[in-house]
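If you want the building blocks of each chain, they are given just below.
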Amino acid sequence: MKPAYLVGGLVFVACVAIAIYYLIPIPGQAHILASVPGKRDVTHAIAFFVVGVVALLAARFMANSSAKA
C-alpha cells in the first residue's frame, strides 16, 4: 500500500467523523463553528464530506503519479 493512500484514507475518515459530529444535534449547546445551538449544521457536514472525498481523489492521483526527477 502506498503512503498516499494511507494518508488520504486517514484524512477521509477524520472528515467523515467530523461531518457526523455536525449532523448530530446537541441539546443546549452549539457545535464548534456553528451559530445555532441545539440544531444540526448541515452545511458544515456537507463541506467536510466534500473535503474527505477530495482527499481520497487527491490520494489516488498522488499515488499513481510517478515522481521522476
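All residue numbers refer to position in the chain's written sequence, counted from 1. Given that the model is predicted, a residue must reach a pLDDT of at least 70 before its local features are reported, and side-chain atom pairs must reach 80 or more before they are shown or counted; all residues, however, enter totals for whole chains, interfaces and linings. Note that the side-chain values use all heavy atoms of the structure and ignore hydrogens as well as water.

## Here's the deal with the overall build of the protein
Part 1 of the argument: Going along the chain from the N terminus, every DSSP run of H or I of four or more residues is numbered as a helix, and every run of E of two or more is numbered as a strand. A tally of helices and strands in the protein yields 2 helices and 0 strands.
Part 2 of the argument: When its C-alpha atoms are laid out on the principal axes, the protein stretches across 55 × 15 × 15 Å.
Part 3 of the argument: Pairs at least 24 residues apart make up 48% of the contacts formed inside the protein by residues separated by at least 6 positions.
Part 4 of the argument: Method for areas: the Shrake-Rupley scheme with a 1.4 Å probe, in which residue coverage is limited to the protein chains shown. A total of about 5,000 Å² of accessible surface is found on the protein, and carbon and sulfur atoms cover 75% of it. Whether two residues touch is decided by their heavy atoms; if any such pair falls within 4.5 Å, the residues are in contact.

## Quick word on the packing of aromatic side chains
Part 1 of the argument: For Phe, Tyr and Trp, rings pair up if their centres lie within 6.5 Å, where Trp contributes its six-membered ring, and each pair is then called stacked (planes under 30 degrees apart), edge-to-face (over 60) or tilted (otherwise). Under the definition given, this model contains 2 aromatic pairs.
Part 2 of the argument: Measuring from ring centre to ring centre gives 5.4 Å for Tyr-21 and Tyr-22, while their planes differ by 65°; the resulting arrangement is edge-to-face.
Part 3 of the argument: Relative accessibility decides the category of a residue: with a 1.4 Å probe and only protein chains considered, values under 20% of the type maximum give buried, values over 50% give exposed, and everything between is partly exposed. By relative accessible area, Tyr-21 is classed as partly exposed at 31%.
Part 4 of the argument: The exposure class of Tyr-22 is buried, given its relative accessible area of 3%.

## Thoughts on the environment of Gly-28
Part 1 of the argument: Position of Gly-28 among the secondary structure elements: in the loop between helix H1 (3-23) and helix H2 (42-64).
Part 2 of the argument: Accessibility expressed as a relative area gives 78% for Gly-28, which makes it exposed.
Part 3 of the argument: The spacing of Gly-28 and Gly-38 is 10 residues in sequence and 5.4 Å in space, taken between C-alpha atoms.

## A short note on H2
Part 1 of the argument: A helix is expected to reach a length of 1.5 Å times the quantity of its residues less one. Along its 23 residues, H2 runs 33 Å from first to last C-alpha, staying within 8% of the 33 Å computed at 1.5 Å per residue.
Part 2 of the argument: Of the surrounding elements, those touching the buried residues of H2 are H1.

## Some remarks on the environment of Val-42
Part 1 of the argument: Locating Val-42 in the fold gives a position in helix H2.
Part 2 of the argument: Its relative accessible area of 39% is what places Val-42 among the partly exposed residues.
Part 3 of the argument: Once the C-alpha coordinates of Val-42 and Lys-2 are considered, the two residues, 40 residues apart in sequence, prove to be 33 Å apart.

## Describing a nonpolar patch on the surface
Part 1 of the argument: A cluster of nonpolar side chains, Ile-20, Leu-23, Ile-24, Val-42, Ile-46, Phe-49, Val-50 and Val-54, forms an exposed patch at the surface whose accessible area comes to about 650 Å².
Part 2 of the argument: Looking at the nonpolar patch, the elements with two or more residues in it are H1 and H2.
Part 3 of the argument: Counting residues per element, the nonpolar patch draws most heavily on H2, which supplies 5 residues. Within the patch definition used here, like charges are joined within 9 Å and nonpolar side chains (Val, Leu, Ile, Met, Phe, Trp, Tyr) within 5 Å, considering only residues with over 30% relative accessible area and no salt bridge. Criterion for a salt bridge: a side-chain nitrogen of Lys or Arg within 4 Å of a carboxyl oxygen of Asp or Glu.

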